[in-house]
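Results of the structural survey
Read off the chains here:
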Amino acid sequence: MKLKIAVLPGDGIGPEIMKQGVAVMDAIAEKFGHEVEYKEALCGAHAIDEVGDPFPEETYQVCKDADAVLFAAVGDPKFDNDPTAKVRPEQGLLAMRKKLGLFANIRPVQTFKCLVHKSPLKAELVEGADFICIRELTGGMYFGEKYQDNDKAYDTNYYTRPEVERILKVGFEYARRRNRHLTVVDKANVLASSRLWRQIAKEMEPQYPDVNVDYMFVDNASMRMIAEPKFFDVMVTENTFGDILTDEGSCISGSMGLLPSASTGESTPVFEPVHGSWPQAKGQNIANPLAQILSVAMMLEYFDLKEEGLLIRRAVDASLDANVRTPEIQVEGGARYGTKEVGEWIVDYIRKA
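Attention in this report is confined to the structure presented alongside it. These numbers were taken from a predicted model, which means no experiment stands behind them. (Residues numbered from 1 in each chain as written. Predicted model: local features only at pLDDT ≥ 70, side-chain atom pairs only at ≥ 80, totals over all residues. Heavy atoms only, no water.)

Considering the pattern of salt bridges
Within this structure, the stated rule accounts for 22 salt bridges. Note that Glu203 is salt-bridged to Arg161, the shortest N-O span being 2.8 Å. Placement of Glu203 in helix H8 (residues 192-204) and of Arg161 in helix H7 (residues 161-177) is noted, with a sequence separation of 42 residues between them. A residue is classified by how much of its surface remains accessible, and Arg161, at 31% relative accessible area, is partly exposed. Salt bridges here are not isolated pairs; linked through shared partners, they connect Asp130, Arg178 and Asp233. (Salt bridge = Lys/Arg side-chain N within 4 Å of Asp/Glu carboxyl O. Helix = DSSP H or I, 4+ residues; strand = E, 2+ residues; numbered from the N terminus. Buried < 20%, exposed > 50% of the residue type's maximum accessible area, 1.4 Å probe, protein only.)

A look at the pairing of strand E1 (residues 2-10)
With seven of nine residues buried, E1 lies mostly within the body of the structure. Across six bridges, the pairing between E1 and strand E2 (residues 35-40) is parallel. Bridge pairing links Lys4 to Glu37 in E2. The handedness of the E1 to E2 crossover, carried by helix H1 (residues 14-32), is right-handed. (Pairing = 2+ DSSP bridges. Right-handed = clockwise from strand over helix to strand, strands pointing away.)

Details of the side chain of Asn288
By the secondary structure assignment, Asn288 is in the loop between strand E12 (270-273) and helix H11 (290-302). Here Leu290 takes part through its backbone nitrogen, which lies 3.0 Å from a polar atom of the side chain of Asn288. Within the structure, the side chain of Asn288 is placed 2.9 Å from the side chain of Glu328, a separation counted as a polar contact. (Polar contact = N/O pair within 3.5 Å; in protein donor to acceptor, adjacent residues only side chain to side chain.)

So this is what it looks like as structure tokens:
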């Protein structure tokens, strides 16, 4: 297969983990006879510094013309600590989602048996947890009308029926492919936008008679994810709730550095780790590259290259079992491995497989 991949390393640890993701992709392409063309582009704080725009038009065209986007992370403290900044790195991420029509964010949450002890939750709660959070990406408060002055501010949580229907359809279909259990998360007891979500979900239920649907307020869902994570199979929710819940879910595994995600919709799909740019670790060779590498696996599986994706997952599992791990998940007394060394070990495993 021939693939054109847009590569967006972004900020902080992004370039370091991206280098390992691309190296793994190259090893897979070599082993399975695929041809991969990469085109790198600016985004985030790096793009602001270079051209004054966190998602410049040239980057958009590179993404639009690609088969997939491999993205790392954006964010920089100099913008976080300046509330007056008119342009921010995260605006580039929102712009990418909006321009590419990426309305569905797919975030798997799973545990690795050898890392259950790293989870902040008890082992008996998290061992075997395996669910998917599906977050609506292009509507809600992040994109609704906004206003701020010295005395008041508001953000509008705006949704339309077509926006809600298309993301619920993704949720129902994922549930149908898994364990046929869908949880719709909202705040329908308070918010009008949530009542619309629940109304539409109820209308769609008869189209999926094989899927067991339950409804949960977001505050209850946040508690249930901690108290009983194995309850969930597929969870679907709106943009703001999804942003919060998916970060909460990522902690179940014991490290945000282990979980990939995909954003899909009308145009080029984007594959990225769920963690941020961790600028404090930039250049220190300590960032965990596994989420970036597993994002490559998700990308290959999106193109129905299942054997290739499975080999990456086997390599990641093998690295963890061999204690080839970055510091935040290494066992006590284990050898020290950096971002580069973990990536090289996985590439070597793939080549020898």
